[in-house]
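# Analysis of the macromolecular model
Here is how the chains run, residue by residue.
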Amino acid sequence: GVRRLTAPDIRARKGGAPIVGLTAYHAPAARLADEHCDFLLVGDSLGMVLYGYDTTVPVTLDMMIAHGAAVVRASRHALVVVDLPFGSYEEGPQAAFRAASRIMKETGCGAVKLEGGCHMAATVGYLVERGIPVMGHVGLTPQSINTFGSFRPRGRDDIESEAIAADAEAVVSAGAFAVVVEAVPVRVAAALTRAMPVPTIGIGASVVCDGQILVMEDMLGLMPRVPKFVRRYAEIGSVAADAIARYAHDVRNRTFPGVENTYADPGFEEPEASA
Ligand code: KIV
Ligand code: NA
């Protein structure tokens, strides 16, 4: 059978062939992406993409578990990484362990991801020492939207770029097996990728990273607006809208359902259509 990729497999890819990550929130997405990706991220971006929230702050642990379990059921090759949502881990290592162990037990995923650097290092260490692989996430950390004030790129001055370098160093020293680097200039991403003994996974962090991740709905053209760092590989949204418009037209014209969509009923006489 197929052996699913593990956190140590991803860790071992440092400096090698680029690591391919993509978000997946549900079974059909997982089925599409599994064979092409090294890891699938059940990102808390699902709060914005699927649930229509303005930020990821309202996302709950129960939401992450429901979506994470669906992605694990529908995949068999890629490592599944599930985000710890805002409020489930910041209080301290023990709260983080409770949340992360529920995610691991109830979804069957292979790792969790949490946002933050220096102030999260103790938590990362606590989880890793107790059997929970952790992916870090530095730079733009969307759960901090209310203290940042906007989703603007990070690390564009020396103070911020040095803080991001210290954050990455802290979570990696604590045992993170990889670290997502979000929305930073190429200079910052290159310095981190050179300095870190584990893979950097870029999103809006240039081509220098050890791997890349995107939000699937962004790259498929399902979101009306996307950040500069997204390449739209398809326009599924307009394909879907056209299909829905044709369905509505066919229902209104009674051309759907057709005979091929209708169960045979030999003895039945069609009544005269009323005028
Ligand atoms: O929630 C998410 O989708 C993420 C990635 C974009 C890194 O954290
Ligand atoms: Na996230």
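Cut-offs applied
Residues numbered from 1 in each chain as written. Chains lettered and ligands numbered in written order. Predicted model: local features only at pLDDT ≥ 70, side-chain atom pairs only at ≥ 80, totals over all residues. Heavy atoms only, no water. Helix = DSSP H or I, 4+ residues; strand = E, 2+ residues; numbered from the N terminus. Contact = heavy atoms within 4.5 Å. Areas by Shrake-Rupley, 256 points an atom, 1.4 Å probe, with all protein chains shown as cover. Domains from an automatic or database assignment. Axes fitted to C-alpha atoms, helices over the stretch in contact; angles between N-to-C directions. Parallel < 35°, antiparallel > 145°, perpendicular 65-115°, else oblique. Left-handed = near helix turned anticlockwise from the far one by under 90°. Buried < 20%, exposed > 50% of the residue type's maximum accessible area, 1.4 Å probe, protein only. Polar contact = N/O pair within 3.5 Å; in protein donor to acceptor, adjacent residues only side chain to side chain. Pairing = 2+ DSSP bridges. Right-handed = clockwise from strand over helix to strand, strands pointing away. Donors = N, O, S within 2.8 Å, 3.2 Å for Na, K, Ca; no water. Near = heavy atom within 4 Å. Nonpolar A, V, L, I, M, F, W, Y, C, P; charged D, E, K, R; others polar. Phe/Tyr/Trp six-rings, centres within 6.5 Å; stacked < 30°, edge-to-face > 60°.

Here we take up the overall build of the protein. Secondary structure summary: the protein contains 11 helices and 8 strands in total. Principal-axis analysis of the C-alpha atoms gives the protein an extent of 80 × 40 × 35 Å. Considering only contacts in the protein between residues 6 or more positions apart, those separated by 24 or more positions represent 58%. Counting only carbon and sulfur atoms, one obtains 57% of the accessible surface of the protein, whose full area is about 14400 Å².

Attention now goes to the domain arrangement of the protein. One widely used convention gives an interface's size as the accessible area the parts lose upon coming together. When cut into domains, the protein gives domain 1 (7-231) and domain 2 (236-262). Taking only C-alpha atoms into account, the centre of domain 1 sits 39 Å from that of domain 2.

Between helix H8 (residues 158-173) and helix H9 (residues 186-195), the least distance of the axes is 10 Å, while the angle of their chain directions is 30°. The pairing of H8 with H9 is recorded here as roughly parallel in orientation. Relative to H9, the crossing made by H8 is right-handed. Taking contact as the criterion, the partners of Asp158, Ser161, Ile164, Ala165 and Ala168 in H8 are, on H9, Arg187, Val188 and Leu192.

Along the chain, glutamine 143 falls in the loop between strand S5 (134-139) and helix H7 (145-148). Residue classification places glutamine 143 among the buried positions, given a relative accessible area of 6%. Of the polar contacts made by the side chain of glutamine 143, one reaches the side chain of aspartate 44; its length is 2.6 Å.

Structurally, the position occupied by serine 161 is in helix H8. Looking at serine 161, its side chain comes within polar contact range of the main-chain oxygen of aspartate 158, at 3.2 Å. Beyond its immediate chain neighbours, meaning those up to four positions away, serine 161 contacts Gly155, Arg187 and Val188.

This part covers the environment of leucine 192. Tracing the backbone through its elements, the reader meets leucine 192 in helix H9. With 87 residues separating them along the chain, leucine 192 and lysine 105 place their C-alpha atoms 32 Å apart. Ignoring any residue separated from it by four or fewer positions in sequence, one finds leucine 192 in contact with Val138, Ile164, Ala165, Ala168, Val181 and Thr200.

Every regular strand shows the same layout, with side chains that alternate between the two sheet faces. With respect to burial, strand S6 (residues 178-182) is a largely interior element, 5 of its 5 residues being buried. A two-sided burial pattern is seen for S6, the buried positions comprising Ala178, Val180 and Glu182 on one face and Val179 and Val181 on the other. Note: S5 against S6, 5 bridges, orientation parallel. Looking across to S6, one finds that glycine 136 is bridged to valine 179. In this sheet, strand S7 (residues 200-203) lies alongside S6 in parallel orientation, the contact comprising 4 bridges. By the bridge assignment, valine 180 is partnered in S7 with isoleucine 201. Regarding topology, H9 serves as the crossover connection from S6 to the parallel S7, and that connection is right-handed.

Looking at the sodium ion (ligand 2), the protein donor atoms are Asp44 (OD) and Asp83 (OD), and they sit 2.2 to 2.3 Å from it. Linking aspartate 44 in the loop between strand S2 (39-42) and helix H3 (46-49) with aspartate 83 in strand S3 (residues 79-83), this pair joins segments that are 39 residues apart in sequence. Aspartate 83 matches aspartate 44 in its accessibility class, with the two residues each being buried.

This brings us to the site of ligand 1. Around ligand 1 lies a shell formed by Thr23, Leu41, Gly43, Asp44, Ser45, Asp83, Lys113, His137, Val180, Ile203 and Val215. Within the side chain of aspartate 44, a nitrogen or oxygen atom sits 3.1 Å from an oxygen atom of ligand 1. A distance of 2.8 Å separates an oxygen atom of ligand 1 from a polar atom in the side chain of lysine 113. Across the complex, the protein chains shield 95% of the 260 Å² of accessible surface that ligand 1 would expose by itself.

A separate point is the packing of helix H4 (residues 61-73) against helix H5 (residues 93-107). Two elements in contact, H4 and H5, have axes whose closest approach is 9 Å; the angle formed by their N-to-C orientations is 35°. Along this stretch, H4 crosses H5, giving a crossing that reads as right-handed. The segment H4 lies against H5, with Leu61, Asp62, Ile65, Gly68, Ala69 and Val72 engaging Ala99, Arg102, Ile103, Glu106 and Thr107. The residue makeup of the contact of H4 with H5, split by class, is 6 nonpolar, 2 polar and 3 charged.

Let's shift gears to the packing of aromatic side chains. The geometry of an aromatic ring pair comes down to the distance between the two centres and the angle between the two planes. Inspection of every chain in the model, using the stated rule, returns 2 aromatic pairs. Between the aromatic rings of phenylalanine 97 and tyrosine 126, the centroid separation amounts to 6.4 Å while the plane-to-plane angle is 75°, which identifies the pairing as edge-to-face. Linking phenylalanine 97 in helix H5 with tyrosine 126 in helix H6 (residues 121-129), this pair joins segments that are 29 residues apart in sequence. Ring centres of tyrosine 247 and phenylalanine 256 lie 5.9 Å apart, and the angle between their planes is 65°; on these two criteria the pair is classed as edge-to-face.

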